[in-house]
Amino acid sequence: MKKTITLEAIDPVEIYGAGNRILEEFCSYFPGLRVIARGNELILEGDQAQIEEFQIRFAELIDRRHRKMNLTAYDVEDIFDGETSPDRFRLSGDAIIVHSTEGKAIKARNKTQQEMVKAYFNNDLVFAVGPAGTGKTYVAIALAVRALKNREVKRIILTRPAVEAGERLGFLPGDLKDKLDPYLQPLYDALGDMIPSRRLQEFIADGTIQIAPLAYMRGRTLDRACVILDEAQNTNTGQLKMFLTRMGANAKFIVTGDASQIDLPRKEDSGLMRSINMLKGIKGIAAIFFGSEDIVRHPLVTKIVKAFDRKEQEES
């Protein structure tokens, strides 16, 4: 099928963007369509259903331009990822959080993940604690990406204690990003599932997504940000207090950890569970606890976790 869309009473550059960047972003959502821009005309060739969907979404893009001064590539993302309204989402933990780069819906996969999603919308600080493979970090990243896409926050900040390096990052080779990459790779992997590679690189370059080692968080005030502290079981009480008191206006903090995988020289120095107990009952703070039954990785992971738990109980 072939269809021509004619732009009327509007400069095509205002819709296509400089160098057709906005148009290219828009067309990336329709890989099966051939789109040719000729002045104020767009020529579409491909499947009828996709052409009809293109026309509907493109009309939304034009409407956005009439309601704001300039379009950005973020407006394109909003049009395609904005079907989950915040009000409806608050009431349903199993709603779609975001879409993956392949168009797959990312949503809570079990009851505890649903509780975590709901807790996020009802609180500004959420602790998510449980064994490996329960998806707590992945859900945290999805919520952060969603908040960024919906303009609820202006940046995402990821932090993780680099225990293996004793947090003496200056002794590691390379720049700050190079020093942290080995410890933050799981977070990069999750981000890469939800944000196209080029866009992710742009976000990191312009500071929209920041990699901030816990050791360097002191003195900062983080407002309009979604801040994720991963592997929090490897922090002591003082470090956690320092981190939590960085919270600024309109910020969301998510702290994830696994109390069974403490890498500190002395396990009793971990401040995660101690801090959760101290903050219990404070309005705006929630703690979600995952169990081995919540593991969403390979079925063997559940059996492995249970086997290690039994051995630790026998030895304690």
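Residues numbered from 1 in each chain as written. Predicted model: local features only at pLDDT ≥ 70, side-chain atom pairs only at ≥ 80, totals over all residues. Heavy atoms only, no water.

Novice: Sorry if this is basic, but what is going on with the nonpolar core here?
Specialist: Soluble globular proteins tend to pack their nonpolar side chains together in the buried interior. Of all hydrophobic cores here, the largest spans 40 residues; its most connected members are I141 and M194. The dominant element in this core, judged by the number of residues it contributes, is helix α7 (residues 136–149), at nine residues. Ignoring any residue separated from it by four or fewer positions in sequence, one finds I141 in contact with L158, L187, A190, L191, M194 and I228. (Core = buried A, V, L, I, M, F, W, Y, C linked by side-chain atoms within 4.5 Å. Buried < 20%, exposed > 50% of the residue type's maximum accessible area, 1.4 Å probe, protein only. Helix = DSSP H or I, 4+ residues; strand = E, 2+ residues; numbered from the N terminus. Contact = heavy atoms within 4.5 Å.)

Novice: Even after reading the chapter, I still don't get the confidence of the model for the protein, so can you show me in this structure?
Specialist: Residues shown with low pLDDT carry predicted positions that ought not to be read at fine detail. Confidence along the protein averages 83 in pLDDT terms, with 88% of residues attaining 70 or more. Mean pLDDT across the elements of the protein bottoms out in helix α5 (residues 86–90) (43) and peaks in strand β6 (residues 125–129) (97). Across residues 83–91, where pLDDT falls below 50, the model places 16 contacts with residues more than four positions away in sequence or in other chains. Low confidence marks residues 164–169, where pLDDT is under 50. Its contacts with residues over four positions away, or in another chain, come to 14 contacts. (pLDDT = per-residue confidence, 0-100.)

Novice: Which parts of the structure should I look at to understand the pairing of strand β9 (residues 225–229)?
Specialist: Look at any regular strand and the pattern is simple: side chains alternate between the two faces of the sheet. Taking burial as the measure, the five residues of β9 include five buried ones, the bulk of the element. By the alternation rule, side chains of β9 split into A225, V227 and L229 and C226 and I228, which are all buried. Strand direction decides the pairing type here: strand β7 (residues 155–159) and β9, joined by five bridges, are parallel. Looking across to β9, one finds that R155 is bridged to A225. (Pairing = 2+ DSSP bridges.)

Novice: Sorry, what's going on with the packing of helix α10 (residues 237–244) against helix α11 (residues 272–279) here?
Specialist: Any two packed helices are characterised by the angle at which their axes cross and by the distance between the axes. Contact pair α10 / α11: the axes reach a minimum separation of 9 Å and the direction vectors enclose 55 degrees. Taken together, the axes of α10 and α11 lie oblique to each other. For α10 against α11, the interelement crossing comes out right-handed. Here T237, L240 and L244 of α10 lie close against α11, whose contacting residues are L272, R274, S275, M278 and L279. Classifying every residue of the contact of α10 with α11 by side-chain character gives five nonpolar, two polar and one charged. (Axes fitted to C-alpha atoms, helices over the stretch in contact; angles between N-to-C directions. Parallel < 35°, antiparallel > 145°, perpendicular 65-115°, else oblique. Left-handed = near helix turned anticlockwise from the far one by under 90°. Nonpolar A, V, L, I, M, F, W, Y, C, P; charged D, E, K, R; others polar.)

Novice: Would you take a moment to explain helix α6 (residues 111–122) for this structure?
Specialist: In an α-helix, one turn spans 3.6 residues; hence positions three or four apart end up facing the same way. Across its twelve residues, α6 extends 17 Å between first and last C-alpha, which sits within 8% of the 16 Å expected from 1.5 Å per residue. T112, Q113, M116, V117, A119, Y120 and F121 are the residues of α6 that are buried. By the N-cap criterion, in which a side-chain oxygen at the helix start approaches the backbone nitrogen of a residue two or three places on, α6 is capped by N110, the distance to T112 being 3.3 Å. (Expected span 1.5 Å × (residues − 1). Polar contact = N/O pair within 3.5 Å; in protein donor to acceptor, adjacent residues only side chain to side chain.)

Novice: Whenever I open this one, the packing of aromatic side chains confuses me. Can you help?
Specialist: The description of two aromatic rings rests on the distance between their centres and on the angle between their planes. Across all of its chains, the model carries seven aromatic pairs by this definition. Here F26 and F58 contribute two aromatic rings whose centre-to-centre distance is 5.5 Å and whose plane-to-plane angle is 80 degrees, an arrangement assigned as edge-to-face. Linking F26 in helix α2 (residues 21–27) with F58 in helix α3 (residues 48–67), this pair joins segments that are 32 residues apart in sequence. The same class applies to F26 and to F58, which are both buried. Site record: aromatic cluster; members linked through ring pairs are F26, F30, F54 and F58. Positioned over the ring face of Y120 is K252, at 4.8 Å from the centre of the ring. (Phe/Tyr/Trp six-rings, centres within 6.5 Å; stacked < 30°, edge-to-face > 60°. Lys NZ or Arg CZ within 6 Å of the ring centre and 35° of its normal.)

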